[in-house]
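An overview of the molecular structure
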Amino acid sequence: MLTVGQVAKRSAVKVSTLHFYEEKGLIISTRNNANQRIYDRQILRRISVIKAAQSIGFSLQEIIEMLSSLPLHTAPTDNEWEKLAKIWEEKLDKKINQLQYLKSTLGQCINCGCLSLKNCGLYNPADSNGVHTPGARLLTPNL
């Protein structure tokens, strides 16, 4: 078992971040006789997954949803990790497609100079967002 300070040091996150993760249901602790938080060693892997997901741009809500299929009290099995990896792969492919679209169209936008949200192919392709909303809200279309 590890104390909150040990987990913070080994995972390179602040104690307040660990408390935040716990508040959001991403990690779990128990209490010792002195009522201090203690963590099972497997929590280090879970925190590593959280940090990796954050580093590649997943929102906290996406991370919560992705990790909801994994057990909190025990280390995930190989099959559970594999299921999570497939979910990540799908989401990463979507992000890659969005970034490739942005990369391929950004030059057009910079050279255009129109500054028109109504006609801009980058911000609002074919005024697709104007159909149901007052204007463009997304940087890239749903790919």
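Residues numbered from 1 in each chain as written. Predicted model: local features only at pLDDT ≥ 70, side-chain atom pairs only at ≥ 80, totals over all residues. Heavy atoms only, no water.

Points about the sheet that holds strand S3 (residues 37-39)
Spatially, S1-S3-S2 is the arrangement adopted by the three strands of the open sheet, whose pairing is antiparallel. Each having just a single partner strand, strand S1 (2-3) and strand S2 (30-31) make up the two edges of the open sheet. (Pairing = 2+ DSSP bridges. Helix = DSSP H or I, 4+ residues; strand = E, 2+ residues; numbered from the N terminus.)

With respect to the nonpolar core
In terms of nonpolar packing, the biggest core is built from 24 residues, with Val 7, Leu 18, Ile 27, Ile 47, Ile 63, Leu 67 and Leu 84 touching the most fellow members. If you list the elements that add at least two residues to this core, you get helix H1 (4-11), helix H2 (15-23), helix H3 (43-55), helix H4 (60-67) and helix H5 (78-112). Contacts of Leu 67, omitting those with residues within four sequence positions, involve Leu 26, Arg 46, Val 49, Ile 50 and Leu 84. (Core = buried A, V, L, I, M, F, W, Y, C linked by side-chain atoms within 4.5 Å. Buried < 20%, exposed > 50% of the residue type's maximum accessible area, 1.4 Å probe, protein only. Contact = heavy atoms within 4.5 Å.)

Here's the deal with the packing of aromatic side chains
All told, the structure shown has one aromatic pair when counted by the stated rule. On the numbers, 5.5 Å between centres and 55° between planes, the contact of Phe 58 with Trp 88 is tilted. Residue Phe 58 is located in the loop between H3 and H4, and its partner Trp 88 is located in helix H5; the two are separated by 30 residues in the primary sequence. Residues Phe 58 and Trp 88 agree in their burial class; the two are buried. (Phe/Tyr/Trp six-rings, centres within 6.5 Å; stacked < 30°, edge-to-face > 60°.)

Re the side chain of Ser 11
Relative to the assigned elements, Ser 11 resides in helix H1. On the accessibility criterion, Ser 11 (8% relative accessible area) is buried.

Regarding the confidence of the model for the protein chain
The pLDDT averaged across the protein chain works out to 80; a share of 74% of its residues lies at or above 70. Contacts for the low-pLDDT stretch residues 135-140, under 50 throughout, to residues beyond four places or in other chains number 14 contacts. (pLDDT = per-residue confidence, 0-100.)

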